[in-house]
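Residue-level structure breakdown
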2 protein chains.
Amino acid sequence: MKLSQLAFFCAVVEQGTVAAAAAQLNCVSSNITTRVRELEDLLGVSLFSREKNRLLVTPEGRLFYQKAKQVLAMAQEARALFKDDAERGVIRVGALDVALTNHLPERIARYRANTPHVELHIRPEPSLMLEQLLMDGELDLILTDGPIIHPLLVSRLAFRERLVLVTPKALSAPTVDDLSRMELYVFGQTCHYRRQVDGYLETSKIKPRSVMEIESFSSIFACIEAGVGFSCLPESVVEQAVTRHGKIHFERTDSLESSDIYYVWRKNYTSPLIHRLIESLEQEL
Amino acid sequence: MKLSQLAFFCAVVEQGTVAAAAAQLNCVSSNITTRVRELEDLLGVSLFSREKNRLLVTPEGRLFYQKAKQVLAMAQEARALFKDDAERGVIRVGALDVALTNHLPERIARYRANTPHVELHIRPEPSLMLEQLLMDGELDLILTDGPIIHPLLVSRLAFRERLVLVTPKALSAPTVDDLSRMELYVFGQTCHYRRQVDGYLETSKIKPRSVMEIESFSSIFACIEAGVGFSCLPESVVEQAVTRHGKIHFERTDSLESSDIYYVWRKNYTSPLIHRLIESLEQEL
DNA sequence: TAAATCGTTCATAAAAAGAGAAGATATTGA
DNA sequence: TCAATATCTTCTCTTTTTATGAACGATTTA
């Protein structure tokens, strides 16, 4: 079945005659006769009743006309999707939880307000998964710790971020021995921060009593407040948390490298939507 | 824009590669490449980002995919409309008010119950209009007084019907003089019955004091009950009405010819739906 | 009655779709 | 590392589809 067949058929129904339809569609009437016949053969029903030298729509034809018009209208919508200069598309963004929680919400809201016809699909993932999904083409843009050096990818600094040491307030200047007597709370096994924390522990010769994996920032803070554990967390998260959790203390440590968040996307990506999205996200609030 | 282009595009999106899409659609991959390119040129956007030897859907392509799938699904619905053996169509029926009111309702309900996929459009019209609409192809079937003798039309008796003289009960055996002192109520100007009534008045030498046109049976009955007027109405209507209006009286009159209702439709109508509809309506309740 | 209109058929021309080979690049496997 | 395989694309050529225009029969209009 072809859209042109449907258009021919609808024109005949609307105009009443083949000749008028031919005039409307700038073609010859024999063409219309043939195409409508094809359509009837395809469907197995008579769409018109031929009587003398005129066409009368059959009940079947009337029903088919309703559907045909819907199909044509929807095809027209598809055809016209990109005719105006509005940005339209579906962008898939992946981001580290810390980026999603602390840096992105207001910026995404602003982008959505300025670009209402672009659908954003946003999913939180650990950094290894993000890179994998970006390479597979499942994601258009990721916000992850970087930069990622790869011939196909581009990285650009998004947000400065570093891990800080978070301890109970009662223990304002913890020594290595203090920390070694405590529990360590880490976010997730596949999270990139884990590697940095491990490096820090090794450098500082801290051997925590035990390691607990907790996939929730607020749970980690609650545990630290309880007084028997510590953690290494992104500074932006901690800054927000100290207002709600009074009994925690944090400090920067040189042994914990900076761990900035980068935009990463494909180098040879033709669509301009990605770049506009990045430009929008980069603007100060 | 062609449905085949949309199908090619969607196959590539779903399969991920041109080669896989070609295998699915039983064609050669160069063909797909070309058709997708055409589509991109037509829309003015890149649907895929070409990187190395693979295709990645762009944000625009993702959006277009959603629409394209809808178009294809709806086209498929249209294609499959008549694939089963259920009767489907839109039948337009016109009928005299008397037929619609007294004879048709239960039969139409029964037909609808047996044939749920046939849409019925039913409109009441006076007989001249009915014939006109049937000839114009605006109606598939009419129920009107007949038979209509016409080379293109077929008539078949539907319901026996005749006009009866309806008078106030107080005047059980009205004379010509009685009636000539009264008002006459007639249904509508364009109604076929009007001619019969005029013929009756002339034959019987009745000259009513005045003629009122009232387009409502129940209003006519109310006026007759008031005692100063009479009317000539279809027997089936009157029979129903006497139960509700006690103060009216009716009698058959030879001067009022029978006025039966006929099915009338086009002789050369190929669609079987009309005939099935008539068969259904003809069955006894 | 003559002229115009209508839908259809047919032969033919134009356009589109498809096939298949060849090329450039990238991935896989030995 | 190097050949083998797989990717998409470009090109030419063939087939298929679509459109044209004239002719025809039938009907309607003037």
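Conventions and cut-offs
- Residues numbered from 1 in each chain as written.
- Chains lettered and ligands numbered in written order.
- Predicted model: local features only at pLDDT ≥ 70, side-chain atom pairs only at ≥ 80, totals over all residues.
- Heavy atoms only, no water.
- UniProt positions renumbered as here; feature names shortened; annotations may be inferred.
- Helix = DSSP H or I, 4+ residues; strand = E, 2+ residues; numbered from the N terminus.
- Near = heavy atom within 4 Å.
- Polar contact = N/O pair within 3.5 Å; in protein donor to acceptor, adjacent residues only side chain to side chain.
- Nonpolar A, V, L, I, M, F, W, Y, C, P; charged D, E, K, R; others polar.
- Contact = heavy atoms within 4.5 Å.
- Buried area = accessible area lost by both parts, 1.4 Å probe.
- Salt bridge = Lys/Arg side-chain N within 4 Å of Asp/Glu carboxyl O.

The name given to chain A in an unreviewed UniProt entry is Transcriptional regulator, and the organism recorded there is Asaia siamensis.

Here the UniProt feature "domain: HTH lysR-type" (unreviewed entry) sits at residues 1–58 of chain A. For residues 1–58 of chain A, the end-to-end C-alpha separation is 20 Å, with 62% helix and 14% strand making up the annotated structure.

The environment of DNA strand C is made up of 20 residues, and the closest members are V18(A), A19(A), R50(A), K2(B) and S30(B). Each atom of DNA strand C within 4 Å of the protein was assigned to sugar, phosphate or base; sugar and phosphate come to 67%. At 2.9 Å from a phosphate oxygen of DNA strand C is found a main-chain nitrogen or oxygen belonging to V28(B). Counting only elements with at least two residues in the surface near DNA strand C, the list comes to α2 (18–25) and α3 (29–43) of chain A together with α3 (29–43) of chain B.

Lining the immediate surroundings of DNA strand D are 20 residues, of which K2(A), S30(A), V18(B), A19(B) and R50(B) lie closest. N53(B) places a polar main-chain atom, nitrogen or oxygen, 3.5 Å from a sugar or linking oxygen of DNA strand D. Breaking the surface near DNA strand D down by element, the ones donating at least two residues are α3 of chain A together with α2 (18–25) and α3 of chain B. Looking at the surface near DNA strand D, its residues break down into six nonpolar, eight polar and six charged.

What follows covers the interface of chain A and chain B. Tallying the contact residues gives 50 residues for chain A and 50 residues for chain B. The junction of chain A with chain B conceals about 4,600 Å² of combined surface from both sides, 63% of it contributed by carbon and sulfur atoms. Applying the counting criterion to the chain A and chain B interface returns six salt bridges. A salt bridge links E77(A) to K67(B), with the nearest nitrogen and oxygen atoms 2.9 Å apart. The tally of links between chain A and chain B comes to 20 residue pairs in polar contact (both at pLDDT 80 or more). Within the residue set of the side of chain A that touches chain B, elements represented by two or more residues are α3, β1 (48–51), β2 (54–57), α4 (59–80), β3 (89–95), α7 (127–136) and α12 (272–282) of chain A. In terms of residue count, the dominant contributor to the side of chain A that touches chain B is α4(A) (14 residues). Of the residues assigned to the side of chain A that touches chain B, the class counts are 25 nonpolar, ten polar and 15 charged.

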